[in-house]
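One-letter residues, chain by chain:
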Amino acid sequence: EDKVVQSPLSLVVHEGDTVTLNCSYEVTNFRSLLWYKQEKKAPTFLFMLTSSGIEKKSGRLSSILDKKELFSILNITATQTGDSAVYLCASHTNSNSGYALNFGKGTSLLVTP
Amino acid sequence: NAGVTQTPKFRVLKTGQSMTLLCAQDMNHEYMYWYRQDPGMGLRLIHYSVGEGTTAKGEVPDGYNVSRLKKQNFLLGLESAAPSQTSVYFCASSRFGGGSTDTQYFGPGTRLTVL
């Protein structure tokens, strides 16, 4: 059974701290790994990772994939209160029934002033 | 360009009632999906569609039906609502089925409570 596990489940940090969110996956027919940010409404897309070792970066956020060890990390540097959200990781696979996107349970991040 | 929209935003049903959730996208996407999100469970795929006139089951399809009569719309039906279907429902769409540059775009969600 395909599985995506995120850790930690929740995290509280102070503004300015750097955080690392983890996502491990055990899936068949892996195609890509996606990160989303969810702030009380619709998840918004952050990154899609398909190749090992290539960092994707957007401002203070960055992410990297390790296809050998089957995990990805999401880094946020110089955190701000606006970074408070649930961060979702999902694996995209090709299954016999077609397309599938498996989500982890998310990491709830709270950044305090 | 509204992206993905969902109707209604909130709904309260009594056990046994039926309802239909509407999802619409204006991005000419081929793929559309319905997820439910429950506390501590993450997002789980209910049904999806790979094109107009097609539907397929996801991870948790029981108690739901879907239809994709038009490319831009994906309907999720509950024929006889149960309290276990209390959840937040998200619709999403993607251009294709997840190529190297593809991603899913989500609607704002529908909060459904079944009493």
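It should be emphasised that the depicted structure is a prediction, and the values quoted were computed from it without experimental measurement. Just so you know, the residues in each chain are numbered from 1, in the order the chain's sequence is written. For naming, the first written chain is A and the first written ligand is 1, with later ones following in the order written. Reporting of local features is limited, given that this is a predicted model, to residues whose pLDDT is at least 70; pairs of side-chain atoms are given and counted only at 80 or more, and all residues count toward the totals for whole chains, interfaces and linings. Side-chain numbers here rest on the full set of heavy atoms in the structure, without hydrogens or water.

Caption draft 1: Spatial organisation of the pairing of strand S8 (residues 71–76) of chain A. Residues and elements named next belong to chain A. Burial analysis of S8 places five of its six residues in the buried class, which makes it a mostly covered element. The pairing criterion for strands is at least two bridges between them, as found by DSSP. Numbering goes from the N terminus for both helices and strands, where a helix is a DSSP run of H or I of at least four residues and a strand is a run of E of at least two. Two strands pair when backbone bridges link them, and strand S3 (residues 19–26) and S8 are joined in this way by six bridges, in the antiparallel orientation. Looking at the pairing, Leu21 lines up with Leu74 of S8. Sheet topology note: the strand S7 (residues 61–66)/S8 ladder contains six bridges and is antiparallel. By the bridge assignment for S8, Ile64 is matched with Ile73. Two successive antiparallel strands, S7 and S8, enclose a turn made up of four residues, where Leu70 displays a positive phi of approximately 60 degrees. Buried residues are those whose accessible area, probed at 1.4 Å on protein chains only, stays under 20% of the maximum for their type, while exposed residues exceed 50% and partly exposed ones sit between those limits.

Caption draft 2: Examining the environment of Phe103 of chain A more closely. Along the chain, Phe103 of chain A falls in strand S10 (residues 98–103). For Phe103 of chain A, a relative accessible area of 10% corresponds to the buried category. Each C-alpha atom, one on Phe103 of chain A and one on Leu33 of chain A, is 9.8 Å from the other, the two residues being 70 residues apart in sequence. Dropping the residues within four chain positions of it, Phe103 of chain A is found in contact with Val4, Tyr36, Leu88, Cys89 and Ala90 of chain A together with Tyr35, Leu43 and Phe106 of chain B. In this analysis, two residues are considered to be in contact whenever any of their non-hydrogen atoms come within 4.5 Å of each other.

Caption draft 3: The nonpolar core, seen in detail. In this description, a nonpolar core means a group of buried Ala, Val, Leu, Ile, Met, Phe, Trp, Tyr and Cys residues linked to one another through side-chain atoms lying within 4.5 Å. Judged by nonpolar contacts, the single largest core of 20 residues is most densely connected at Leu33, Trp35, Tyr87 and Leu109 of chain A. Those elements that place two or more of their residues in this core are S3, strand S4 (30–38), strand S5 (43–49), S7, S8, strand S9 (85–95) and strand S11 (107–112) of chain A. Here this core takes four residues from S3 of chain A, the largest share from any one element. One finds Val4, Leu13, Leu21 and Leu78 of chain B within the second-largest nonpolar core, a separate group that totals 19 residues.

Caption draft 4: Spotlight on the sheet that holds strand S6 (residues 56–58) of chain A. All names here are of chain A. Reading across from one edge, S1-S3-S8-S7-S6 is the order of the five strands in this open sheet, with antiparallel pairing throughout. Across the chains shown, the open sheet's two edge strands, defined by having one partner strand only, are strand S1 (3–7) and S6. For this sheet, the mean inter-axis angle between neighbouring strands, taken without regard to orientation, is 15 degrees. Strand direction decides the pairing type here: S6 and S7, joined by three bridges, are antiparallel. Bridge pairing in S7 links Ser58 to Leu61. Working convention: axes come from line fits to C-alpha atoms, limited for helices to the stretch in contact. Angles between N-to-C directions cover 0 to 180 degrees.

Worth remembering: the numbers are spatial, not functional.
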